[in-house]
Amino acid sequence: MSDTTTAVGRSRGLTAPRGLASALSHRALQIIAVEILVIAIFQALSPGGAFLSEANVRGMALTASQVLLLAVGQAVLMSAGHIDISQGAAVILTSVLAGNAMIATQDSLPMPAVLLLGALISVGAGAVIGAVNGVLVGVVGVNALVATLGMLSIGTGVAQVITGGVNLTGMPGELQTSFGAVNAGPLPMPMIVSLIVIAVIWAFHRLTSWGTHTLAMGSNRLAARRVGIATLRHTIAIFVLSSALAGLAGYIDLARYSTTNISGHLNDSMAAIAAALIGGTALTGGRISFLGAIVGAFLAIILQSGLVIIDLSPFYQTIAIGTMLLIAVSLDPAARKSAKGGG
């Protein structure tokens, strides 16, 4: 999965390393090197080397199955010059809606139909949330940050109203035994599903005009419109994609724990944004790195898991993600240039 850019004099495609110096300068390889170092530190500090235990590695893989979806959705949006901070609310609300549907139908429908219904409701509800965001941004003209900030509050509030502030229980046991707790070879099934979805999005972005149009919008929206790109329809579509991926992450969350987590996930968007940025996607649009978003997401997961393993307060996880975000922005030359220009 290569970095893709729209830049004068540079073709859209693979940024091929040339020699050792070029390889070492590649953002994804730099992040991987940092991850190896961080893993070694946490492994040395964890009691009995628990960080690389089978249980913890599987837990990180399951977390990755959710965070990767959010990071890729965020990367696509950012490459078009937008941002979505409502992903966490979408995860919460879609899991509540899907959970309620499965609880209500588990005694009246065949179990495969119940599980499929839950998945469809979760992804579909996410798509609706994204469509609302897209209309607010593309039609009404609300800034993406403001629109998704409002949706963050609305989505979380609706989930709390539906549940009365209490997490749902009583999910079908098959949700875990046939999906959430199942391994396909060395990887958990949710991780396999996420990687397949991401591969499809990457191929669609890479091999069709959809990817070119997304990057063109991020580089110069007015010019993109003038050459005939349907920027309004495209804006709505990429917001739908982001929130639909959040809906899938919500379903995976249900499958992992057999309950909702209405007080969690509010920082998920920050982790996804940090992962995309630190992986090389431009905050100001026009550049995306799927591979970078993936390895950036793993860095966030490694930090979060490591801090828990060495028994630091969960509050340090928030500090770590915030620090990642600041570092990511500082590494983005376009973002720094934009900030200086605006000052």
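Scroll up to find the structure.
Residues numbered from 1 in each chain as written. Predicted model: local features only at pLDDT ≥ 70, side-chain atom pairs only at ≥ 80, totals over all residues. Heavy atoms only, no water.

Colleague: Just to check I follow, could you spell out unusual backbone geometry for this structure?
Modeller: Its identity is not glycine, yet Ser258 carries a phi of approximately 55°, on the positive side. The residue Ser258 is located in the loop between α11 (231-257) and α12 (268-278) in this model. (Helix = DSSP H or I, 4+ residues; strand = E, 2+ residues; numbered from the N terminus.)

Colleague: Explanation requested: helix α6 (residues 144-163) in the structure shown.
Modeller: One full turn of an α-helix is made of 3.6 residues, so residues set three or four places apart face in the same direction. For α6, built from 20 residues, the straight-helix expectation of 28 Å at 1.5 Å per residue is met to within 8% by its first-to-last C-alpha distance of 28 Å. Turning to α6, its buried residues are Ala144, Ala147, Thr148, Met151, Leu152, Gly155, Thr156, Ala159 and Thr163. The arc enclosing the buried residues of α6, seen along the axis, measures out at 155°, which places them on a common side. Across from the buried face of α6, at angles greater than 90 degrees, the exposed residues are Val146, Ser153 and Val161. Check the buried side of α6 and you find it contacts α4 (87-105), α5 (111-140) and α11. The residue sitting at the N-terminus of α6 and contributing the capping side-chain oxygen is Asn143; that oxygen lies 2.8 Å from the backbone nitrogen of Leu145. Positioned one or two residues after α6, Gly164 has a phi angle of 70°, which is positive. (Expected span 1.5 Å × (residues − 1). Buried < 20%, exposed > 50% of the residue type's maximum accessible area, 1.4 Å probe, protein only. Arc of directions from axis to C-beta. Contact = heavy atoms within 4.5 Å. Polar contact = N/O pair within 3.5 Å; in protein donor to acceptor, adjacent residues only side chain to side chain.)

Colleague: Help me understand helix α8 (residues 189-207) in this model?
Modeller: Given a rise of 1.5 Å per residue, 19 residues ought to cover 27 Å, and the 27 Å separating the end C-alpha atoms of α8 matches this to within 8%. Every buried residue of α8 is accounted for by Pro190, Met191, Ser194, Ile198, Ile201 and His205. Looking straight down α8, one finds that the buried residues subtend no more than 95° of arc, so they occupy a single side. Among the exposed residues of α8, those pointing more than 90 degrees away from its buried face are Ile196, Val200 and Leu207.

Colleague: Looking at this structure, I do not really get the side chain of Thr235. What am I missing?
Modeller: Topologically, Thr235 is positioned in helix α11. Separated by 2.7 Å, the side chain of Thr235 and the backbone oxygen of Thr231 make a polar contact. The residues contacting Thr235, other than those within four sequence positions of it, are His82, Gly134, Val137, Gly138, Met217 and Arg221.

Colleague: Just to check I follow, could you spell out the packing of α12 against helix α13 (residues 290-309) for this structure?
Modeller: The packing of two helices is summarised by the inter-axis angle and the distance between the axes. Two elements in contact, α12 and α13, have axes whose closest approach is 7 Å; the angle formed by their N-to-C orientations is 130°. Judged by the inter-axis angle, α12 sits oblique to α13. Here the hand of the crossing between α12 and α13 comes out right-handed. Where α12 approaches α13, its residues Ala275, Ala276 and Ile278 are matched on the opposing element by Gly292, Ala293, Gly296, Ala297 and Leu299. Each residue belonging to the contact of α12 with α13 can be placed in one class, and the counts come to six nonpolar, two polar and no charged. (Axes fitted to C-alpha atoms, helices over the stretch in contact; angles between N-to-C directions. Parallel < 35°, antiparallel > 145°, perpendicular 65-115°, else oblique. Left-handed = near helix turned anticlockwise from the far one by under 90°. Nonpolar A, V, L, I, M, F, W, Y, C, P; charged D, E, K, R; others polar.)

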